Structure formats: structure tokens, C-alpha cells
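Each chain, written out:
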Amino acid sequence: MKALLIGVAVAAAILLFLPVAILAAHAGGLRAAITNPAGLDAVVTTLGSGFLALVLDLVLGVPLAWVLARRISVSWQRVWGAALIVPLLMPPLVLGLVLAYVVGPASPIGGTVDLSNTFWGLVLAQVYESLPFFVFTAWGYLRTIPRSLEEDVWVLGKKPGETFWFVVWPLARTGFSVAAAMAWARIVGAFGAPIVVAYHPSALPVAIWIQLQEQGLPAALGLAVWLILVALPLPIWLNWRYSDAERPNL
Amino acid sequence: MLSAQISEPRLHGQFSLPSGITAVVGLSGSGKTSLFRLMTGLDAGAGISMTTNGESVACRPPYDRPIRYVPQRPSLIPHRTIAAQVQWVQRVPDADVMAWREILQLERLWDRKPRQLSGGEQQRAALMRALAANPAILLLDEAVSNIDRPHRETIWAALRERRRPDQLILFSTHEWSEAESWADGILYMEEGVIHPWQPRPEVQPLTPTMARLMGYVGALPWNRAGQWLWLHPSLIEAGLLEDVEIALPGTLTVTPLSPLRAQYRFHVDGQPPIEWTGPPKPHATYAGISITRPVMTDFGGLMS
């Protein structure tokens, strides 16, 4: 039984890393990919828009996750849990098409500020693709922190704001960092929504698509390696920095 | 001074508490914790009005009431040291914290986290934290129950001695001896009903269950007006003595249990026997009992 478990785990690990190995084997020269001006532009665009999208995810997602975990009764939390799955299930391409309705030149909003094919249009598309993942993950973590931990210091005269930073944050930051890492992975990999809303300026996934069309697979894969290199430091840092955070049940 | 009027689906009654120490006494499930949570504002209740020193506080959030609460379960912040959490809530001078730290014997545990403390030590630390938060009204929900007895007595003595004159301490307990030893007054609760506050020297049983909690062993019908005479081992003398308020003929049998304890059984014709334990007696039977301070009520009933 134990041998079988280990065998399955090893097979799963191989399956998981196989695409990375194939990518490494078949990618064209990394230097060629990045010296191509389009490639360099895509890296800069991805980092810039991705950073802003992540900040927006945090600004919007932390309060929403907190309200869902703390201000909603348990029975309504079930309803919200089900409701949150809907944006999670939206295919990114469909998200892009819907967004195009809203921000495109034909809509009242887009008629005023046309976001399509702009940097901010790209940021918006990335936020839409990633925010549900952030909220769902952060909410799941926050719910595991007993509410009594907060109540027990409210009755000692501590306000909810002070309580959040002194009591909740040290327990919640692991959850928030995992949620941020998930959101970041969605942001840098966002393709479906950006290809509709923000073909230009192209972030890496769209740039890979363009390279594939114009120069073939090896060039596209070279850029894909860059995507991984660019995306990796933040989740690694988050994991290293916060994985040892306090657990509420200790 | 705290006045409250409560009319909730599962909790009702009204009371006025003077400053000092009041024991909230009741069996498990009588509503003591519900009362405390309602008073702190942790549980919202539409049917509560509460004033402290004439000021209404029932609409304020928990952190804005002059009430500090130590619940029965462990309540310390798990990832902060005792020192850190006490300093975080501290609103009294450092000297007070130092004094209490010594009384509660927390010096050695000061820089530890709660998981490194035993149950009793955690209760001492939680009490320390509440005292540091400068309570005008302190609610202790069986908050010293895991502390060993000699230490608990030191703590109660210190609470009595160091209490500010205007301070009000409420503690819940299901042990009558604790209420009797440390409280200035008693607030009795039974099945969600809060009975009126009684000063300790004059406390009377208000229900058969309260009588049992207080240590009464049984009641006998006393007169035609429907009054009952309650029997408490502390108020009974063996035999028919003179110069007592009541000398009750009957058969008292005393059976030794140990060199220090004996079983008493008192029987009056037409009534079920009443039993209790007490100190050994020189004789095996007596012609009745004498009662020095009789307690009469208009409810009776035998207790299980």
C-alpha cells in the first residue's frame, strides 16, 4: 500500500514537471527571445501590469474575503461559497468578451474612457482573471481562524482594527500570501481575457501567441521560458517568507 | 452600580448590582455564560437595557463598554507572549501590573506563549490580562476554576483587597462554597431566569434547586399556611435541645462512616427520611433534632 502511494506520487510529480522539461528541451535561444524587442517589451509589460493587477487584487480582495469570513452568517457563507464559484468557472475568453462589452468603444463606459488595447485595459483583464482565485483562497484561510480570538480581545477594550493587526494578521498572512501567489500565477498567465481586451500592449502570454504565429514554435517557447523566469521570484519569496507563520491551533 | 433589565427568549430578569463582588450562581446550563455574553455585547440582544452609573451601554459595541470579560474557555492570543498581550491591552500603571504579576505568580511565565502554559497557568494569565485592561466591571466566567485551591484563595483575597471602591466584579460559579466565601452578594440563575440580587449575610434559597446548591438536605411541611422548613447540616443539632427556636421530635440515627464522618438519617412519621453526613456523634440514636436558625419558605419538595 505504502509502495503504491509513493509510486503514484512519483508518477504525479513526473507528469507535473514533464511540460517544464519539454519546454527546456525545445525552447530556442533564451538570448534570442529576449533580444527581440517584442520579447523585451512583453516582459516589461507583464511585470508592470502584473504588479498593478496584484495590488488591485489585494486592495479589493482582502476586504471582500474578510467581510465574507467575518460579517456573513454561517448559513449565508454557504450561499456565497457557491456564488463565488461562478466567476471562478467563467472561461477567461468569455470574461474577455464580456469585458469588451463594458470597456469597448460601443458601451457608455468605453465611450467615455476607451480602455480596449490600453495598458489599463490589460490590468483590468488580469484583475478579472485573478481576483476570484485570490478571494476564494484568502476566504478559505480566514474562515479557519476562530472568531473567538477576536471577541476575546474586543471585551478587553480593543477595537476591531487594532485586533486585526495584532491578532488576525499574523495568523492570516500565510493564507493571504498563498492567495497572492495563486493570483499572481493567474495574472502572468492571463491570456483569454487580454487577447480580447488588450491585444496591445501585449503581455507575455499574448506575445507568445504572436511569436508562435509569426516565427514558429521554438521562438514562442523561448519566450515561455522567460514567462516562467519572470513569474517565479514572487511566489518563491512569498512561500519562503510566510510559510512559517503562526497557526491558530497551536 | 450596574442595572439591567433583560427580556430575551431564553433569558429574563432584572437586577441592580452595587459595586463589590457578586457571584452569579447556577447549575450548568442555567444561562450564566449567556448572561455574560449579553452584557459584554458579544451576543446581540434586542431585549436588554443596561446602565452603568446611570449611563446606558446596551447599544455600544463590546470594545466600547466599561466591561472586561474572561470566558471559561482558554482565551489568550495563541501566538503572542503573555507579556506582549498584557502590554497590548494595558490601561493601568506599570506598578499595578507588576503587583498582579507577583500575586498571580506569572514572573516565570511572562515571556512564554500560551501553549507553553498549563490550564491553570493560562487562567491566571487571562485574569492578569483582564486586570491590566482596567476593568470598571469585570466578568469572570468560571475563570479561576482550573487554578489549584490554595492559589485560588490567594487570588480571591487579593481581588477583594485591591478592588477599587467603585469597581464591580461578577464571577460565575456552580459551587456554593465559592460564592459564599468570596462574594458580597449573590445573583441566582435557573433555567434562564435571573433571580433578584441578595446580599450575602441575608441570602435565602429561592427555589428547591437553589436550596440544594446551598447545601440544604431536605424540607418538611411546617404549617397550615403551606410553609416548609428547610434542613441544613450546618443549622442542625442532634437531640431536642432547650433554648433553640425549633426542637423537632423524630428519630435521628447516626451511623459512623469513618473516624471523621458519620451518616445522619432523620425520620418523622408520615414523611420520607432525610439523610446527610456530618461529624461523628457519641450516640447512635436521638429523639429528634434542634434547629438554631430555621429557614422557612413557601415552596418545598424533596430533592433528588
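Owing to the predicted nature of the structure, the values given are computational and were not obtained by experimental measurement.

> So, the overall build of chain B: which residues are in play, and what are the values?
Helices and strands together make up the secondary structure of chain B, namely seven helices and 19 strands. Out of the 304 residues in chain B, the part that is buried amounts to 49%. Relative to all contacts within chain B whose residues are 6 or more apart in sequence, the contacts with residues 24 or more apart total 63%. Measuring between centres, the 29 positive side-chain charges of chain B sit 8 Å from its 30 negative side-chain charges.

> Please set out the side chain of Glu8(B) residue by residue, giving values where relevant.
Residue and element names in this part refer to chain B. Locating Glu8 in the fold gives a position in strand β1 (residues 2-8). Buried within the structure, Glu8 lacks any salt-bridge partner; its nearest side chain of opposite charge belongs to Arg10, at an N-O separation of 9.2 Å. In this structure Glu8 touches Leu38, Ala44, Gly45, Ala46, Gly47 and Ile48, once residues within four positions along its chain are discounted.

> Outline the confidence of the model for chain B, supporting the account with residue identities and numerical values.
Averaged over every residue, the pLDDT of chain B is 94; residues scoring 70 or more account for 99%. In the predicted complex, the global pTM is 0.83; the interface-specific ipTM is 0.89.

> How would you explain the pattern of salt bridges if you had to name every residue and give the values?
The full count for this structure, using the stated rule, is 15 salt bridges over all chains. A salt bridge links Arg186(A) to Glu129(A); its shortest N-O distance comes to 3.8 Å. Here Glu129(A) lies in helix α7 (residues 119-143) and Arg186(A) lies in helix α9 (residues 160-189), a separation of 57 residues in the sequence. Residue Arg37(B) is joined to Glu151(A) by a salt bridge in which the shortest nitrogen-to-oxygen separation is 3.3 Å. One end of the pair, Arg37(B), is in helix α1 (residues 32-40); the other, Glu151(A), is in helix α8 (residues 148-154), on a second chain. Grouping residues by exposure puts Arg37(B) and Glu151(A) together as buried.

> Any chance you could break down the interface of chain A and chain B for me, citing the residues and the numbers?
Tallying the contact residues gives 22 residues for chain A and 27 residues for chain B. Interface area, chain A with chain B, both sides summed: about 2200 Å², of which 65% is carbon and sulfur. It is Val155(A), Leu156(A) and Phe166(A) that lose the most area in chain A upon contact with chain B, and together they represent 35% of the buried surface on that side. Where chain A packs against chain B, one counts two salt bridges.

> Can you lay out a nonpolar patch on the surface for me, pointing to particular residues and giving the numbers?
A cluster of nonpolar side chains, namely Met1(A), Leu4(A), Leu5(A), Ile6(A), Val8(A), Val10(A), Ile14(A), Leu18(A) and Ile22(A), defines an oily patch on the protein surface of about 930 Å² accessible area. A relative accessible area of 56% places Leu4(A) in the exposed class.

> Break down the nonpolar core for me, with residues and values.
Counting residues in hydrophobic clusters, the biggest one holds 90 residues, and the most contacted among them are Met128(B) and Leu140(B). For this core, the element with the most residues is α9(A), which contributes 14 residues. Apart from the residues lying within four places of it in its own chain, the contact partners of Met128(B) are Val86(B), Val97(B), Trp100(B), Arg101(B), Leu104(B), Leu106(B) and Trp110(B). Among the nonpolar cores identified, the runner-up in size contains 27 residues, and Leu42(B), Val57(B), Ile67(B) and Leu187(B) belong to it.

> Can you break down the packing of aromatic side chains residue by residue, with the values?
Tallying each qualifying case throughout the model produces 14 aromatic pairs over all chains. Centre to centre, the rings of Trp237(A) and Tyr242(A) are 6.3 Å apart; their planes meet at 75°, and the pair counts as edge-to-face. With relative accessibility at 42%, the residue Trp237(A) sits in the partly exposed group. Its relative accessible area of 16% is what places Tyr242(A) among the buried residues. With 5.4 Å between their ring centres and 20° between their planes, Tyr264(B) and Trp276(B) make a pair best called stacked. Residue Tyr264(B) is found in strand β16 (residues 261-267), and its partner Trp276(B) is found in strand β17 (residues 274-278); the two are separated by 12 residues along the sequence. You'll find Tyr264(B) and Trp276(B) in the same group, each marked buried.

> Could you give me a rundown of the sheet that holds strand β14 (residues 236-238) of chain B, with the residues and numbers involved?
Residue and element names in this part refer to chain B. The strand order β14-β18-β15-β16-β17 describes an open sheet built from five strands, whose pairing is antiparallel. The sheet is open, and its two edges are formed by β14 and β17, each paired on a single side. The sheet shows a mean angle of 35° between the axes of neighbouring strands, direction not considered. The pairing of β16 with β17 spans five bridges and is classified as antiparallel. Bridge assignment links Tyr264 to a residue of β17, and that residue is Trp276.

> Can you explain the environment of Arg80(B)? Please cite residues and give values.
With respect to the helices, strands and loops of the structure, Arg80(B) is situated in the loop between β6 (67-70) and α2 (82-89). A relative accessible area of 23% places Arg80(B) in the partly exposed class. Contact partners of Arg80(B), with chain neighbours within four places excluded, come to Trp165(A), Phe166(A), Pro170(A), Gln85(B), Arg112(B), Lys113(B) and Pro114(B).

> So what's going on with the sheet that holds strand β19 (residues 295-297) of chain B? Residues and values would help.
Residue and element names in this part refer to chain B. Strand order in the open sheet formed by three strands is β12-β13-β19, and the pairing between neighbours is antiparallel. Of all strands in the sheet, those with a lone pairing partner are β12 (218-221) and β19, marking the two edges. Strand after strand, the sheet turns through a mean of 35° between neighbouring axes, direction not considered.

> Residue-level account of the confidence of the model for chain A, with values.
For chain A, mean pLDDT is 89; residues scoring 70 or higher make up 96% of the total. Per-element confidence in chain A ranges from a low mean pLDDT of 71 for helix α2 (residues 30-35) of chain A to a high of 95 for α8(A).

> Lay out unusual backbone geometry in plain terms, naming residues and giving numbers.
Put simply, His200(A) and Pro201(A) share a cis peptide bond, and its omega is -10°. Positionally, Pro201(A) belongs in the loop between α10 (192-197) and α11 (204-215). Phi angles above zero are rare outside glycine, and Asn53(B) is one such case at about 50°. Here Asn53(B) shows up in the loop between β4 (48-52) and β5 (55-56). Its relative accessible area of 66% is what places Asn53(B) among the exposed residues. One non-glycine residue, Glu142(B), lies in positive phi territory at about 45°.

> For the pairing of β6(B), give the residues involved together with the corresponding values.
All names here are of chain B. Here β6 shows two buried faces, one formed by Ile67 and Tyr69 and the other by Arg68 and Val70. Two strands pair when backbone bridges link them, and β6 and strand β7 (residues 137-141) are joined in this way by four bridges, in the parallel orientation. Of the residues in β7, the one forming a bridge with Val70 is Leu140.

Rules behind the numbers
- Residues numbered from 1 in each chain as written.
- Chains lettered and ligands numbered in written order.
- Predicted model: local features only at pLDDT ≥ 70, side-chain atom pairs only at ≥ 80, totals over all residues.
- Heavy atoms only, no water.
- Helix = DSSP H or I, 4+ residues; strand = E, 2+ residues; numbered from the N terminus.
- Buried < 20%, exposed > 50% of the residue type's maximum accessible area, 1.4 Å probe, protein only.
- Contact = heavy atoms within 4.5 Å.
- Lys, Arg positive; Asp, Glu negative; His and termini not counted.
- Charge placed at Lys NZ, Arg CZ, Asp CG, Glu CD.
- Salt bridge = Lys/Arg side-chain N within 4 Å of Asp/Glu carboxyl O.
- pLDDT = per-residue confidence, 0-100.
- Buried area = accessible area lost by both parts, 1.4 Å probe.
- Patch = residues over 30% accessible without salt bridge, like charges linked within 9 Å, V, L, I, M, F, W, Y side chains within 5 Å.
- Areas by Shrake-Rupley, 256 points an atom, 1.4 Å probe, with all protein chains shown as cover.
- Core = buried A, V, L, I, M, F, W, Y, C linked by side-chain atoms within 4.5 Å.
- Phe/Tyr/Trp six-rings, centres within 6.5 Å; stacked < 30°, edge-to-face > 60°.
- Pairing = 2+ DSSP bridges.
- Axes fitted to C-alpha atoms, helices over the stretch in contact; angles between N-to-C directions.

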